[in-house]
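What follows is the residue order along each chain.
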Amino acid sequence: MTVEEFLEKLVSFPVLGGESNMSIILWIKEYVESFGVETYLVPNEEGNKASLHCRIGPAVDGGVILSGHSDVVPVEGQEWTTDPFVLTDKGDGKLYGRGSCDMKGFLACCLAALPQMVNADLKKPIYFAFSYDEEIGCLAAPELARAINEHYTETPKYAIIGEPSMMEPIVGQKGIYILETYVNGSAGHSSRIKQEVSAIHESMRLILWLEGKMNQLISDKQLDERFHPPHSTIHIGLVNGGIAPNVIADKAHFYWDLRTIPKDDIQGIVNEFEAYCRTREEELRKVFPNFSIKTVEHHPPVPHLDTKADDDVVGLIKRISGNSKLDTVSYAAEAGQFANEGFKSAICGPGSIAQAHRADEFIEKDQLVKGVKMLESLIDELSSVNFS
């Protein structure tokens, strides 16, 4: 099968984040095992989802993990001009379909290169590490990375996360934490706004505090010019509350996300916010004793990636990709999680992140060619007796 044929098959699996991915992961498992490669599944507690890992090559230290995720984001509400789960070639050098760019294109490159991996005289091994539920918070990667460390007697050295980067090495990603804050106030007639506690008014104060905290970080020169924007961001994406213009809202809640540069502490910012919330509770309970603010996580925090420009993995990716320009990203990915497990990690994969998560998502055919070529160069590297 060609890389385009693999992508066509992978796109045909409409596996959304949060849903069972067993259809696509078992198909990948069957294909990989057809080459005599033993695969291992890392299931969730319910057994309806699983990550997959395997090793191609000798059981020696110093191998390279190729990491990707099997899930995609929804298409509902988007105006697609093609069937999102049928890979479509319009004759313009692009292949359209959900996940074609993010990130089944990289998975297709891995599967297309597998026969060469198996037949090569590898001195260091290559590992596949394909996860689930990346699109709803990178939920499976920590367990997958741990499973690789615990399962094999040898220790992989590098991890290449194949998120779309136009084949440029990505050495940094922001951390991300998504939270929900619930405010409980007292209902009443709007004319009694000073005698009651409006959950909406208090939510607005909390939101302004969060915006102020972001601005404080900027004014304090907490900057990292590698990123755009070069500072941590705090964003409120959804606010709910109230039943009528003339009724004081007793309930309100909002969703917010933190995207932090490596020098900022995600939990430290959350702790400061919680301290402010306790101050507001103490003040407002003088008016309404049952006033409360509760913040819960929407999904666990995803750690940042901060790989140094002179790290070995960066040199490796420069050589095999043919690109020497380094970049950083503000989106969440699994790279920081693999780095936290001890693997030297960076991001590099085919396609542009600008095409991800949108209607008529596409990947350029030329990017797939470059993705396969990068893996062929990796095979050559790992077949060299001088690779370390």
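Heads up: the structure comes first, above all this text.
The rules we used
Residues numbered from 1 in each chain as written. Predicted model: local features only at pLDDT ≥ 70, side-chain atom pairs only at ≥ 80, totals over all residues. Heavy atoms only, no water. Salt bridge = Lys/Arg side-chain N within 4 Å of Asp/Glu carboxyl O. Helix = DSSP H or I, 4+ residues; strand = E, 2+ residues; numbered from the N terminus. Buried < 20%, exposed > 50% of the residue type's maximum accessible area, 1.4 Å probe, protein only. Expected span 1.5 Å × (residues − 1). Bend = angle between axes of the 7 residues up to and from the residue. Pairing = 2+ DSSP bridges. Axes fitted to C-alpha atoms, helices over the stretch in contact; angles between N-to-C directions. Left-handed = near helix turned anticlockwise from the far one by under 90°. Contact = heavy atoms within 4.5 Å. Core = buried A, V, L, I, M, F, W, Y, C linked by side-chain atoms within 4.5 Å. Phe/Tyr/Trp six-rings, centres within 6.5 Å; stacked < 30°, edge-to-face > 60°. Lys NZ or Arg CZ within 6 Å of the ring centre and 35° of its normal.

**Q** Would you mind going over the pattern of salt bridges with me for this structure?
**A** Any two side chains of opposite charge can pair if their charged atoms end up close together. Evaluated as defined, the whole model comprises 23 salt bridges. In this structure, Glu-202 engages Arg-280 in a salt bridge whose closest nitrogen and oxygen atoms are separated by 3.1 Å. Of this pair, Glu-202 sits in helix H5 (residues 199–219) while Arg-280 sits in helix H6 (residues 266–284); the two residues are 78 residues apart in sequence, bridging distant segments of the chain. Residues Glu-202 and Arg-280 agree in their burial class; the two are buried. The residue Arg-278 makes a salt bridge to Glu-281 at a minimum N-O spacing of 2.7 Å. Pair noted here: Arg-278 and Glu-281 are both in helix H6, with a separation of 3 residues, about one helical turn. Residue class for Arg-278 comes out partly exposed when judged on its relative accessible area of 34%. Glu-281 gets classed as buried once you look at its relative accessible area, which sits at 8%.

**Q** I keep staring at helix H3 (residues 104–119) and nothing clicks. Help me out?
**A** Because an α-helix packs 3.6 residues into every turn, residues spaced three or four apart end up facing the same way. With 16 residues, H3 extends 24 Å between its outermost C-alpha atoms, agreeing within 8% with the 22 Å of an ideal straight helix rising 1.5 Å per residue. Considering bend angle alone, the principal kink of H3 is centred on Ala-113 and spans about 40°; proline Pro-115 follows within four residues of it. Burial runs high along H3: 12 of the 16 residues are buried. If you check which residues of H3 are buried, you get Lys-104, Gly-105, Phe-106, Leu-107, Ala-108, Cys-109, Cys-110, Leu-111, Ala-112, Ala-113, Leu-114 and Met-117.

**Q** It is not clear to me how the pairing of strand E1 (residues 39–43) should be interpreted in this structure. Could you clarify?
**A** Put simply, side chains in a regular strand alternate between the two faces of the sheet. Where E1 lies against strand E2 (residues 50–56), 5 bridges are found, and the strand directions are antiparallel. The residue bridging Leu-41 from the neighbouring strand is Leu-52, located in E2. Here E1 folds back onto E2, and the loop between the two strands holds 6 residues, one of which, Gly-47, carries a positive phi near 80°.

**Q** Is there a simple way to explain the packing of H5 against H6 in this structure?
**A** Packing of H5 against H6 leaves a shortest axis separation of 11 Å and a crossing angle of 145°. Relative to H6, the crossing made by H5 is right-handed. Within the contact between the two elements, H5 uses Glu-202, Arg-205, Leu-206, Trp-209, Leu-210, Lys-213 and Leu-217 and H6 uses Ile-269, Glu-272, Phe-273, Tyr-276, Cys-277, Arg-280 and Leu-284.

**Q** Help me understand the nonpolar core, please; the structure alone is not making it clear to me.
**A** Side chains of nonpolar character tend, in soluble globular proteins, to be buried together. Residues Leu-66, Met-117 and Phe-128 are the most contacted members of the largest nonpolar core, which totals 58 residues. Examining the composition of this core, we find that 10 residues originate from one element, H3, more than from any other. Here Phe-128 is in contact with Val-32, Leu-52, His-53, Cys-54, Ile-56, Leu-66, Cys-110, Leu-111, Leu-114 and Met-117, once residues within four sequence places are set aside. In terms of nonpolar packing, the next biggest core, distinct from the first, is built from 24 residues, Leu-210, Ile-266, Cys-277 and Phe-288 among them.

**Q** Explanation requested: the environment of Gly-105 in the structure shown.
**A** Mapping Gly-105 onto the fold places it in helix H3. Gly-105 sits 58 residues away from Glu-163 along the chain, and the two C-alpha atoms are 9.1 Å apart. Beyond its immediate stretch of four places on either side in the chain, Gly-105 contacts Leu-7, Gly-99, Ser-100, Pro-350, Ile-363 and Leu-368.

**Q** Explain the sheet that holds strand E4 (residues 88–89) to me, please; I cannot follow it from the model alone.
**A** The strands making up a sheet are joined through hydrogen bonds of the backbone, oriented either antiparallel or parallel. Read across the sheet, 3 strands follow the order E4-E5-E18 without closing on themselves; strand pairing throughout is antiparallel. Both edges of this open sheet fall to E4 and strand E18 (362–364), since each of them pairs with a single strand only.

**Q** Just to check I follow, could you spell out the packing of aromatic side chains for this structure?
**A** One pair of aromatic rings is described through two measures. These are the centre distance and the angle between the planes. If you walk through the whole model with that rule in mind, you get 13 aromatic pairs. Relative to Tyr-31, the ring of Phe-6 lies with its centre 5.0 Å away and its plane at 70°, an arrangement referred to as edge-to-face. You can see Phe-6 sitting in helix H1 (residues 3–11) and its partner Tyr-31 sitting in helix H2 (residues 22–33), a full 25 residues away along the chain. Among the aromatic residues, ring-to-ring pairing joins Phe-6, Phe-13, Trp-27, Tyr-31 and Phe-35 into one connected group. A cation sits over an aromatic face here: Lys-90 above Tyr-96, 4.2 Å from the ring centre. Positioned above the aromatic ring of Phe-362, the side-chain terminus of Lys-94 is 4.4 Å from the ring centre.

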